[in-house]
Amino acid sequence: MTSEMVTIPSFCTQCRSRCGCTAYVEDGRLQKIEPLPSHPSGAKLCPKGRAATELVYHPDRLTQPLRRTTPKSAKAAWEPISWTEALDEIARRMAEYRDTTGPETVAFSVTTPSGTHISDCISWIERFIRSYGSPNTIYGTEICNWHKDVAARFTYGTDIGIPDFAHTDCAVLWGNNPAATWLARLGEVQKGLKKGAKLIVIDPKPTVLARRADCWLRVKPGMDQALALGIAKALMDQRGYDEAFLREWTNGPFLIRSDTGKFLRQSDIVQGGDPAVLLASAASSGGLLGYHSETGAWLDTQAELDLFAALSVETLEGAVSCRTAMSVYADTAGAQGLEWIAEITGVSVADIEHAAALLAEAEVTAYYTWNGVGQSATATQTDRAISLLYTLTGSYGHKGGNVSGAAASFADISGHELLSDEQRAKALGLSDRPLGPGNTGWVTARDVYKAVLEDAPYPVRMLFSFGGNLLAAQPDPERAVEAFKKLDFHVHTDFFLNATSEYADIVLPVATSWEREGLRNGFDVSLEGMRRVQLHPAVIEPVGEAKSDTDIVLALAERLGMASQFFDGDIDKGHEAIVAPSGLTITDLRENLDGVTVDGRVPYRAYAATDEGGNLKGFPTPTRRIEIYSETLLQHGYDPVPCLHPDYVPTPDTDFPLTLGCAKTLSFCHSQHRNIPSLRRLTPDPILELSKELAARHEVEDGDWLRVTTRSGSFVARAKLLSAVRPDTVFAQHGWWIEGEAGSPYDADNLMAANLNRAISTAVGDPVSGSIPLRRSNCRIEKLATEIT
Ligand SMILES: Nc1nc2c(c(=O)[nH]1)N[C@H]1C(S)=C(S)[C@@H](COP(=O)(O)OP(=O)(O)OC[C@H]3O[C@@H](n4cnc5c(=O)[nH]c(N)nc54)[C@H](O)[C@@H]3O)O[C@H]1N2
Ligand SMILES: Nc1nc2c(c(=O)[nH]1)N[C@H]1C(S)=C(S)[C@@H](COP(=O)(O)OP(=O)(O)OC[C@H]3O[C@@H](n4cnc5c(=O)[nH]c(N)nc54)[C@H](O)[C@@H]3O)O[C@H]1N2
Ligand code: SF4
Ligand SMILES: [Mo]
């Protein structure tokens, strides 16, 4: 019998890049994947994508449901069970908790859609969790995407948007390194650079793009809020900001009362005045002008607004001094002076001014931020400081800028409406962080561990993890183990057993995205990509008895009496519902496996449009403008503009004189892929990047084993010497839990010895989001005797 190679258009789901590709299949076996250049993200594939077959056909793939046969105190041993047995038992336990202790006592954990195949199942899983009624999902969002995607709304009312790098004059990468983490996005940056765009990179590490940048700001880890304020100050000193944009589209011109910190309202100065009317000051006369925050309309004929007014206003309670929101922001940005900012951030005044000058010169700027600034105890205010700086450029919404709302119309089936307000209010940590991710049912791992171990504020009895590896990806692994041992019931779904599933009661084998269908509505590599919709097919049969996460939740939903909320168990019906608003059908997508581009315009400057009633669309914020000043934050006790408090600068610790940072590597996603031979060859061991100067001081050479110790714990890594890193800073990689070769300091007897997250403290978190400082710990290093040849 002759076999024939079949080629099937698809996309790799392994990371956020979601690279378009062609799958080559012969005799029902995936042979390889190749780039699909016609696809918006299909120009190239990285080594992880190219290793697809090693992952799919890995000898350690889970192929059957497993039940634990040993107590939690002993090493796990497993017996295969049938799917029916496994699903029946899981559903029985879930029904029992729901009906006795309440659905909130079942916590879920979902691995990241930005670094795993779960991205095209995530909406189904979230629908399942919300429909079941639990407000507690460990999603890692507070250390991943929450700030750029949700905290950005405090400023723009939208997420950060899609950076239109290909058409920009100035690309800014702030704590984001697409060269390692988002291949297709790197391509967009390169398109912009080819056309002459300038590049600003804010990163403590000499990444490929930092070296290529017109301006590389080698910030000290964790000091980005100060740096953003410093650049804003320099930009204001240079008068390089977009004054017209600030007047027309931000709440900068509105007056703030010095006594309450709130906007000055018509109701403050006139009996029976309207509290929705905010007041600004006319540049020529100093007279007050009313702006209706609900309609975005001016009550008075609009004169030129004074952006920096400071005046005393006669209110119903007497004279109150007021100044504009812009003025409050400018004073905050400049409060400590550039010399001080330079000192604490490690970026010279000249470099700060250079960055400001590049922003001032650029007609339009696009930027992206991610983990480098989101994993910090000041992540929310850092995001504010960066987005306010961006606002000064006036680029938001322009071609070549950051454009939000570019997705075609699709329905969201993730089921936000299915979780009742009563259940939502029970999210762990929500009372401490009322504006944080708890609002959408996303909670921190440490809050779940606390609920399990201390029954506070109520006990959590069961954990259901859809992938993920909490022990490697989150701090406090020792506490996590205690919590896992105390759980009544623990289910984990995955391709492989991992450090965390070691503590599960039932493990379910999951199909990779090559073994099942998956729908993607929009490839967020670019604005054009956002209009591409693709339903990738299963290119091979599932390995063993593996099932998709979607099939697992459908089977459980049925058993739990929730089928009616799950399109009667028909995935096609769900997909039809998702794409229906765009006018597409599943048949269209099945006939065009490389995707369909939905019609529509890119929504440049959508805020300038008017609705049928003639009202300006504006921004979806309380003032309908970009919020230089956030009354929402103020009302919840947070700074309305990002201030630097006296405790902002970390206190040096003489016993731990170095700063420990981290970043991702191209070879792996998080704790995955250490078992993939081609990828492990690229990066055989965990590395610690350090300067040659520091290495010399410790008599360390490339490849030497080091122990890195903080006040919270320690881990081992191999020295990699770099030039151009600060001599007081070292960089590690997280996600190591699969052993190195025998005799190395993290061999089979010391499995978790290379786990960076053992050394991270969770004592201080971001007060809004709960993020933790994964990128900045005080540490020391010592050379280990171990030598491996
Ligand atoms: N290869 C690979 N790709 C991935 C992933 C993966 O694990 N591996 N994971 C996916 C996921 S889930 C995510 S969230 C994204 C993350 O994508 P990125 O945000 O690009 O991830 P990182 O490389 O962790 O961090 C970006 C940069 O921040 C820098 N940095 C570190 N500390 C600081 C700091 O204090 N300030 C500033 N300004 N910069 C700092 C690092 O040196 C690094 O170059 O990647 C996705 N893609
Ligand atoms: N120190 C430090 N810690 C970090 C970070 C950091 O930069 N520094 N980054 C953080 C970030 S941004 C994130 S997003 C988290 C990620 O943390 P996690 O979400 O825990 O990611 P992984 O550790 O890669 O674990 C993924 C697991 O899910 C499995 N898996 C992959 N695809 C699927 C699928 O489709 N279905 C199922 N059921 N399982 C699947 C994999 O086999 C693997 O076992 O880590 C965070 N932890
Ligand atoms: S960058 Fe690599 S892992 Fe990520 S989607 Fe592309 S090929 Fe897959
Ligand atoms: Mo992430």
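Residues numbered from 1 in each chain as written. Chains lettered and ligands numbered in written order. Predicted model: local features only at pLDDT ≥ 70, side-chain atom pairs only at ≥ 80, totals over all residues. Heavy atoms only, no water.

1. Some thoughts on the site of ligand 2
Here comes step 1: Around ligand 2 sit 31 residues, and of these Thr111, Ala473, Asp494, Ser671 and Gln672 come closest.
Here comes step 2: One nitrogen or oxygen atom from the side chain of Thr111 is found 2.7 Å from an oxygen atom belonging to ligand 2.
Here comes step 3: Contacts to ligand 2 include Ser671, whose side-chain N or O atom sits 2.6 Å from an oxygen atom.
Here comes step 4: Notes on ligand 2: free accessible area 920 Å², of which the protein chains cover 96%.
Here comes step 5: For the shell around ligand 2, the per-class residue count stands at 11 nonpolar, 16 polar and four charged. (Near = heavy atom within 4 Å. Polar contact = N/O pair within 3.5 Å; in protein donor to acceptor, adjacent residues only side chain to side chain. Areas by Shrake-Rupley, 256 points an atom, 1.4 Å probe, with all protein chains shown as cover. Nonpolar A, V, L, I, M, F, W, Y, C, P; charged D, E, K, R; others polar.)

2. Description of the sheet that holds strand S18 (residues 365–369)
Here comes step 1: Read across the sheet, four strands follow the order S11-S10-S9-S18 without closing on themselves; strand pairing throughout is parallel. Since the sheet does not close on itself, it has two edges, and those belong to strand S11 (215–217) and S18, each with one partner. Adjacent strand axes in the sheet meet at a mean angle of 10° when their direction is disregarded.
Here comes step 2: Two elements, strand S9 (residues 170–174) and S18, share five bridges in a ladder whose sense is parallel. Within S18, the position partnered with Ala171 by the bridge is Ala366.
Here comes step 3: Packed on one face of the sheet, helix H10 (residues 224–237) meets S9, strand S10 (198–202) and S11 and runs near 155° to S9.
Here comes step 4: The strands touched by helix H17 (residues 379–392) within the sheet are S9 and S18, with S18 carrying the most contacts at an inclination of about 170°. (Pairing = 2+ DSSP bridges. Helix = DSSP H or I, 4+ residues; strand = E, 2+ residues; numbered from the N terminus. Axes fitted to C-alpha atoms, helices over the stretch in contact; angles between N-to-C directions. Contact = heavy atoms within 4.5 Å.)

3. Structural notes on the pattern of salt bridges
Here comes step 1: For the structure shown, the criterion picks out 39 salt bridges.
Here comes step 2: The closest approach of N and O atoms between Glu126 and Arg130, which form a salt bridge, is 3.4 Å. With Glu126 and Arg130 both in helix H4 (residues 122–132), this residue pair falls four residues apart, about one helical turn. The two residues Glu126 and Arg130 agree in class, both being buried.
Here comes step 3: One salt bridge in this structure joins Asp259 and Arg257, with 2.6 Å as the shortest N-O distance. (Salt bridge = Lys/Arg side-chain N within 4 Å of Asp/Glu carboxyl O. Buried < 20%, exposed > 50% of the residue type's maximum accessible area, 1.4 Å probe, protein only.)

4. Focus on the side chain of Ser671
Here comes step 1: Along the polypeptide, Ser671 turns up in the loop between strand S27 (658–662) and helix H26 (677–682).
Here comes step 2: Apart from residues no more than four positions distant in its own chain, Ser671 is found in contact with Asn469, Ala472, Gly735 and Trp737.

5. What about the site of ligand 1?
Here comes step 1: If you check the shell around ligand 1, you find 31 residues, and the closest are Asp203, Gly222, Asp224, Phe668 and Arg775.
Here comes step 2: Between ligand 1 and Asp203, the relevant distance is 2.5 Å, taken from an oxygen atom to a side-chain nitrogen or oxygen of the residue.
Here comes step 3: Contact between ligand 1 and Lys664: an oxygen atom at 3.1 Å from a main-chain N or O atom of the residue.
Here comes step 4: Relative to its unbound accessible area of 920 Å², ligand 1 is 99% covered by the protein chains.
Here comes step 5: Class assignment for the residues of the shell around ligand 1 results in 13 nonpolar, 12 polar and six charged.

6. Examining the packing of aromatic side chains
Here comes step 1: If you walk through the whole model with that rule in mind, you get 31 aromatic pairs.
Here comes step 2: With centroids separated by 5.7 Å and ring planes inclined at 50°, the aromatic side chains of Trp705 and Tyr746 adopt a geometry described as tilted. Of the two residues, Trp705 is situated in strand S29 (residues 705–709) and Tyr746 in the loop between strand S31 (729–732) and strand S32 (777–783); the sequence distance between them amounts to 41 residues.
Here comes step 3: Overall, the relative accessible area of 0% leaves Tyr746 in the buried class.
Here comes step 4: Ring-pair connections join several aromatic residues into one group, and the members of that group are Tyr156, Phe245, Trp249, Tyr396, Tyr607 and Phe619.
Here comes step 5: It is Arg29 that lies over the ring of Tyr57; its NZ or CZ is 3.8 Å from the centre.
Here comes step 6: Here the guanidinium or amino end of Arg185 rests over the ring plane of Tyr368, the centre of that ring lying 4.5 Å away. (Phe/Tyr/Trp six-rings, centres within 6.5 Å; stacked < 30°, edge-to-face > 60°. Lys NZ or Arg CZ within 6 Å of the ring centre and 35° of its normal.)

7. What about the state of the cysteines?
When the sulfur atoms of two cysteines share a covalent bond, that bond is a disulfide.
Here comes step 1: Taken as a whole and assessed by the stated rule, the structure comprises zero disulfides.
Here comes step 2: No disulfide involves Cys662; its sulfur sits 12 Å from the nearest other cysteine sulfur, which is in Cys779.
Here comes step 3: Relative accessible area serves as the criterion here: at 10%, Cys662 is assigned to the buried category. (Disulfide = S-S within 2.5 Å.)

8. Points about the nonpolar core
Here comes step 1: Core analysis: the biggest nonpolar cluster contains 92 residues, and Trp174, Leu199, Leu227, Ile231, Met236, Tyr329 and Leu392 have the highest contact counts within it.
Here comes step 2: When residues in this core are grouped by element, the largest group, nine residues, is from H10.
Here comes step 3: When neighbours within four sequence positions are excluded, Tyr329 is seen to be in contact with Leu229, Ala232, Met236, Leu388, Leu389, Leu392, Ile628 and Val641. (Core = buried A, V, L, I, M, F, W, Y, C linked by side-chain atoms within 4.5 Å.)

9. Describing the sheet that holds strand S1 (residues 5–11)
Here comes step 1: Within the open sheet, the three strands sit side by side as S1-S2-S3. Their pairing is antiparallel. Bordering the open sheet on either side are S1 and strand S3 (29–35), each of which pairs with just one other strand. Between one strand axis and the next, the sheet turns through 30° on average, direction left out of account.
Here comes step 2: In terms of strand pairing, strand S2 (residues 20–26) meets S3 through six bridges, oriented antiparallel. Across the sheet, residue Thr22 finds its bridge partner in S3, namely Glu34.

10. Describing the packing of helix H19 (residues 445–454) against helix H21 (residues 477–486)
For any two helices packed against each other, the geometry is given by the interaxial angle and the distance between the axes.
Here comes step 1: Orientation of H19 relative to H21, taken along the N-to-C sense of each, is 50°, at an axis distance of 9 Å. The orientation of H19 relative to H21 falls into the category oblique. The hand of the H19/H21 crossing is left-handed. Together, Tyr449, Lys450, Val452, Leu453 and Glu454 of H19 and Arg479, Ala480, Glu482, Ala483, Phe484 and Lys486 of H21 make up the contact between the two elements. (Parallel < 35°, antiparallel > 145°, perpendicular 65-115°, else oblique. Left-handed = near helix turned anticlockwise from the far one by under 90°.)

11. Some points on H19
Here comes step 1: When you tally the buried positions in H19, you get eight out of 10 residues, the bulk of the element.
Here comes step 2: Those residues of H19 not exposed but buried are Ala445, Arg446, Asp447, Val448, Tyr449, Ala451, Val452 and Leu453.
Here comes step 3: Against strand S6 (106–110), strand S7 (137–138), strand S20 (442–443), helix H20 (470–473) and H21 lie the buried residues of H19.

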